[in-house]
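Topology and contacts: notes
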Amino acid sequence: MAGREFGHREGPVLAQLHYASAPSGSEDPGPRFTAVGAEVPPGVLREAERLLGYEPPPDSPQQADAEQLKRFPTVFGFSELADGGRLLSRSVCTGTDWAGGPVSFHTHAVLLPAGTRLPDGVLPISTWESPRWAESTPPDGGPGPVDRVEPSGLLRKEALVPFAVSRAERLAAFFADLRAVAADPGAGQIVVVEHDSADVARWIALACTVLPREQAHRLTFTTYTRDPREARQQLVGALPSSEPVADDERYRVHNCTGRQPSGPVADTWAEVCARVWRAGRPDLFHNDPEEVGPLAVSALVAGIDLRTDARAAAASWAAEQADALPDEELTALVAGLCGDPVPHLGSPSATLPGAAEQVALAALLARLDGRVTAAVSAPLAARVLASAVLAHGPVPVLRAGSLTARAHGDLARDLAPSLRAGIADTAEPAAGRPLALLRAADLLDVDCQDQLPELAERLARELVGASAASLPGGDTKPSPEPTESRPAGEPPAVGCPPALLDAVHTHPGLRVALFGSLDTLAAADPTAVARVLKGSGLPLSLQQSGFPHLRMCAAPPESDDRLDRFHGLLRTAGVSPHADPTVLRTALRLTWPGAELPTGQEASLLLKELGSDSHRAAGTRELLIEAALTAHPDDRAAPALATDLLRCFTTELRPGRRTALQLLEFTGVLGTANEGEEWVARVLSLKSTAADPIPETVVERAFDALAWRLLDGPAPANELYALARSAEPRLLAAYERAGRSDRVSERLRAEPAYVAARFCDWSAFPGTAPAWDETRTALLAKVLRPAVRALPAEAQGEVEAALDRTARGKLDAFRTWNRPGALGRLAGKLAGRGRRAEQPGA
């Protein structure tokens, strides 16, 4: 390869090889090495023989003339050797004579030892058709080493750009496969089918331009092979007549002589590379072209239109590198990203960004807004806001100075319908997108005052709903604990979203509407609203008056005493319950939330202090009634409360409620001058004739009160007989439970007359009813007998004296019952198996 000087000399000295078909008339018809540099190791020759041959296409003419030979494919290859070295070769057909022998060819190759490149850093593909390639063996047969190889002018930009444009629809798919194969040797091989091997060389040149420089130097290729399955290179050229490999998964076939590919290519980098080549800007493939971000930025700055995923990659990379990019590049980039800042829905040219691009543009805007001049960032701000509104993306938070006056006016005009529609969109959480759109509408001076009441109502309901959902299990019932403190196990309060708090502070119209909606909800469910307000940060202090229910829900506790707390809430409301009875209901429900109820004394004070009319108007009458009917048995004020309720709401009580209150009231007069007669009959009659079931607490209280009345003092015989005859199991159980109490036992030990009275009661009316006999005999055996046996002789004498004075015939019965061993016989007689005791008249 004697030749001309080329550039400056850099790189290794390369050994040459010549390999050709046997000369005509030779005894050995096979191809052979005709000239080999002394620097070529013997092992390389054996490996090179498999790479340097030539097989003409199957459809070649049998006896080709000179013009036909020019159209035979050139085998230009760059192959990897076993020792890590590379072999760059060029094989051409020099003649055919199918009748007389095999095809004639000549191959010229240079050897690159492992770790070396061509002189001057020349890419292997750039030496295609270099004048240094020989088509015959040197006459002396001893090629010397070379230290430079001139590149070919065939693969310059002015030649490659038209070629790339002609293959525009195939570029992206090719580049996508190229990156996969270059990165992973196990990813298969690329097969490019063209009519001309020179076009394959152009594909290889395109590939080496887009790849990182190091990968481009390592890419192995061949511009033609008759059977791609025998090729070892990464990128293999073939003709339509070559052996097909389309059905083999090992090969990524790009048949440029067939149909155009259909469908988009997912690889963003490959798609950007294709657009850059179609735009005729291969100069943009600088630095590391495999990174899509900077390449996409360069393309946009150059005015090349990109797909939405590439635009997103450009915006993301620019956001990371914003501080290092000059203003003029940022300005050009923003112009490339934005295009028409306000895309019009329904317009044929409307191009709304995808979700990833919206996010990336918003991130870039966040980096640029306020850091660069408005002339640079304003188009981006307009684009981001318009895209967010029209394409349902995240709405940016813009400053008043983010937009120019023109952009402000254009956006206000074009986005007003979409802004109003988005604010009214009930499919979105009100505290999310609608609230962000309201902020954007305020920025653009779009009037949305008429939408504030509905938006505020949705915001209020969402706040209260979120608080209810925070309860364990999603329970929507209000917490039974006071809102002023949170005992263990109660969920924490739910705070307001920051965007809502910001809107409340900056938007007076929304604030008033929201507080009004929350006030309405507070009147309906004050405990839920109080849970929302606790720790929410809502600035009620910004409104000096109004919203009494909301103010009560937000008020901190003033006292541990519930009545004091109740009065403090009414003072916080700033409205008299006589003027607005609903504040009474709210204060009551906040003081006694959930299932909690006032005590009898508290309810009586509330009724007397505020009057029945206030409770009637506030709808709190039932709360007072419920407090009376569910009062604990130890609540001594409950019967008096029942009396007050019967007096105050005479005509309004339901029959069932009235009867229950009457029964409760009667328990308070037993043992007083107003108890009257026929207690047992009255209690049982009220219980049995009630229109609705009487609460169990009232029934138990009545039975307990009646039992104690019969046990505490002298009880008329007819009341005791009524008890025995009723056989009411729960009443008898209450009587026996009271008889077994410590209170009765203490009196039995201390009062002989009380012992005599209980003996008379518990031995009376045998045989009246089995249930009565079981009750009284149990009391005789389990309560009275141990008490009597424990009495001293003097006390027992006092018992007998009391029986002799007050109970005819009872003294003998007592002595018999008290005699050791006599209990069984007497119990039988008292149970009716002997002479029946005398029964009093009616």
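Above this text is the structure in question.
Values in this document were obtained by computation on a predicted structure and should not be read as measured data.

Burial of strand β5 (residues 104–112) is extensive: 8 of the 9 residues sit out of reach of the surface. Relative to β5, strand β4 (residues 86–95) is paired through 9 bridges, and the arrangement is antiparallel. By the bridge assignment, Leu87 is partnered in β5 with Leu111.

Moving on, we get to unusual backbone geometry. Even without glycine at this site, Glu129 takes up a positive phi of about 55°. Of note, Glu678 is a non-glycine position whose phi angle comes to about 55°, a positive value. Relative to the helices and strands, Glu678 resides in the loop between α25 (655–669) and α26 (679–689).

With that settled, the discussion passes to the packing of aromatic side chains. Tallying each qualifying case throughout the model produces 19 aromatic pairs. When the ring of Phe76 is compared with that of Trp133, the centres are 5.9 Å apart and the planes differ by 80°; the resulting orientation is edge-to-face. Within this pair, whereas Phe76 is found in strand β3 (residues 75–80), its partner Trp133 is found in the loop between β5 and α3 (157–166), the two being separated by 57 residues in sequence. Like Phe76, the residue Trp133 is buried in the burial classification. Taking 5.8 Å as the distance between ring centres and 80° as the angle between the ring planes, the aromatic pair formed by Phe515 and Phe547 counts as edge-to-face. One end of the pair, Phe515, is in helix α17 (residues 508–524); the other, Phe547, is in the loop between α18 (526–533) and α19 (548–554), and 32 residues separate them in sequence. Judged on exposure class, the residue Phe515 and its partner Phe547 are both buried. Joined through ring pairs, the aromatic side chains of Tyr19, Phe33, Tyr54, Phe105 and Tyr224 make up one cluster. Positioned above the aromatic ring of Phe649 is the side chain of Arg621, whose terminal nitrogen or guanidinium carbon lies 6.0 Å from the ring centre. Looking at Arg758, its charged tip hangs above the ring of Tyr754, at a distance of 4.6 Å from the centre.

Our focus in this paragraph is the environment of Ala362. As for its placement among the helices and strands, Ala362 is situated in helix α11 (residues 355–368). Overall, Ala362 belongs to the partly exposed group, its relative accessible area being 23%.

The subject of this paragraph is the side chain of Ser242. Here Ser242 lies in the loop between β8 (235–238) and β9 (251–255). Polar side-chain contacts of Ser242 include one of 3.0 Å to the backbone oxygen of Thr225. If we ignore the near neighbours within four places in the chain, the residues touching Ser242 are Tyr224, Thr225, Arg226 and Pro228.

Here the focus is the side chain of Thr659. Along the chain, Thr659 turns up in helix α25. On the basis of relative accessible area, Thr659 is assigned to the buried category, the value being 12%. Once residues lying within four places of it in the same chain are set aside, the contact partners of Thr659 are Leu686, Ala690 and Ile694.

What follows covers the sheet that holds strand β6 (residues 189–193). Spatial ordering of the open sheet is given by β2-β1-β5-β4-β3-β7-β8-β6-β9, a layout of 9 strands whose pairing is mixed. Edge positions in the sheet fall to β2 (32–36) and β9, since each of these pairs with one other strand and no more. Where β3 lies against strand β7 (residues 221–222), 2 bridges are found, and the strand directions are antiparallel. Along β7, the bridge assignment pairs Gly77 with Thr222. Each of β6, β8 and β9 is contacted by helix α4 (residues 168–183), which is oriented at about 160° to β9, the strand it contacts most.

Turning to the pairing of strand β1 (residues 15–20), a few remarks are in order. Moving residue by residue along a regular strand, the side chains alternate between the two faces of the sheet. Within β1, 6 of the 6 residues are buried, which leaves the element mostly enclosed by the surrounding structure. The alternating pattern of β1 places Ala15, Leu17 and Tyr19 on one face and Gln16, His18 and Ala20 on the opposite face, and all of these are buried. Relative to β5, β1 runs antiparallel, the two being bridged by 6 bridges. Considered in β5, the bridge of Leu17 is made with Ala109. Bridging between β1 and β2 involves 4 bridges; their strand directions are antiparallel. Bridging from a neighbouring strand, Tyr19 pairs with Phe33 of β2.

Turning to the environment of Asp248, a few remarks are in order. In this fold, Asp248 is placed in the loop between β8 and β9. Overall, the relative accessible area of 23% leaves Asp248 in the partly exposed class. Expressed as a C-alpha distance, the spacing of Asp248 and Arg229, which sit 19 residues apart in the sequence, is 9.5 Å. Here the side chain of Asp248 touches Arg250 through a polar contact of 2.8 Å, side chain to side chain.

With their axes 8 Å apart at the nearest point, helix α27 (residues 696–712) and helix α29 (residues 729–739) run at an angle of 55° to one another. In terms of orientation, α27 lies oblique with respect to α29. At the point where α27 passes α29, the crossing takes the right-handed sense. Two secondary-structure elements touch here, α27 through Glu696, Val699, Glu700, Phe703, Asp704, Leu706, Ala707, Trp708, Leu710 and Leu711 and α29 through Arg730, Leu731, Ala734, Tyr735, Arg737, Ala738 and Gly739. Grouping the constituent residues of the contact of α27 with α29 by class yields 11 nonpolar, 1 polar and 5 charged.

Core analysis: the biggest nonpolar cluster contains 156 residues, and Ile125, Phe175 and Trp277 have the highest contact counts within it. Excluding residues within four positions of it along the chain, Phe175 makes contact with Leu206, Ala207, Val210, Trp269, Ala270, Cys273, Ala274 and Trp277. Judged by nonpolar contacts, the second largest core, of 73 residues, contains Leu607, Phe666, Cys760 and Trp817.

So, on to the packing of helix α7 (residues 268–278) against helix α8 (residues 292–301). Here α7 crosses α8 at 30°, and the two axes come no closer than 10 Å. What the angle tells us is that α7 and α8 run roughly parallel. Relative to α8, the crossing made by α7 is left-handed. Along its contact with α7, which presents Thr268, Trp269, Val272, Cys273 and Val276, the element α8 presents Val292, Leu295, Ala296 and Ala299. Taken together, the residues that form the contact of α7 with α8 break down as 8 nonpolar, 1 polar and no charged.

Before going further, it helps to examine the environment of Val334. The topology assignment puts Val334 in helix α10 (residues 327–338). For the pair Val334 and Leu364, spaced 30 residues apart in sequence, the C-alpha to C-alpha distance is 9.6 Å. Sequence-distant contacts of Val334, defined by excluding residues within four places in its chain, comprise Leu368, Val376, Pro379 and Leu380.

On to α3, then. For α3, the full list of buried residues reads Leu160, Val161, Phe163 and Ala164. Down the axis of α3, the smallest arc covering the buried residues is 165°, so these residues share one side. Its buried side turned inward, α3 meets α4, α5 (197–210) and α7.

So, on to the pattern of salt bridges. Side-chain pairs of opposite charge can arise whenever the charged atoms involved come near each other. Enumeration over the complete set of coordinates arrives at 49 salt bridges. As a salt-bridge pair, Glu271 and Arg275 come within 2.9 Å of each other at their nearest N and O atoms. Linking Glu271 with Arg275, this pair stays in helix α7, spanning 4 residues, or about one helical turn. Bridged by salt links that share partners, the residues Asp613, Arg616, Arg621, Glu622, Glu626, Glu652 and Arg657 form one connected network.

The rules behind these values
- Residues numbered from 1 in each chain as written.
- Predicted model: local features only at pLDDT ≥ 70, side-chain atom pairs only at ≥ 80, totals over all residues.
- Heavy atoms only, no water.
- Buried < 20%, exposed > 50% of the residue type's maximum accessible area, 1.4 Å probe, protein only.
- Helix = DSSP H or I, 4+ residues; strand = E, 2+ residues; numbered from the N terminus.
- Pairing = 2+ DSSP bridges.
- Phe/Tyr/Trp six-rings, centres within 6.5 Å; stacked < 30°, edge-to-face > 60°.
- Lys NZ or Arg CZ within 6 Å of the ring centre and 35° of its normal.
- Polar contact = N/O pair within 3.5 Å; in protein donor to acceptor, adjacent residues only side chain to side chain.
- Contact = heavy atoms within 4.5 Å.
- Axes fitted to C-alpha atoms, helices over the stretch in contact; angles between N-to-C directions.
- Parallel < 35°, antiparallel > 145°, perpendicular 65-115°, else oblique.
- Left-handed = near helix turned anticlockwise from the far one by under 90°.
- Nonpolar A, V, L, I, M, F, W, Y, C, P; charged D, E, K, R; others polar.
- Core = buried A, V, L, I, M, F, W, Y, C linked by side-chain atoms within 4.5 Å.
- Arc of directions from axis to C-beta.
- Salt bridge = Lys/Arg side-chain N within 4 Å of Asp/Glu carboxyl O.

None of this, on its own, says anything about what the molecule does.
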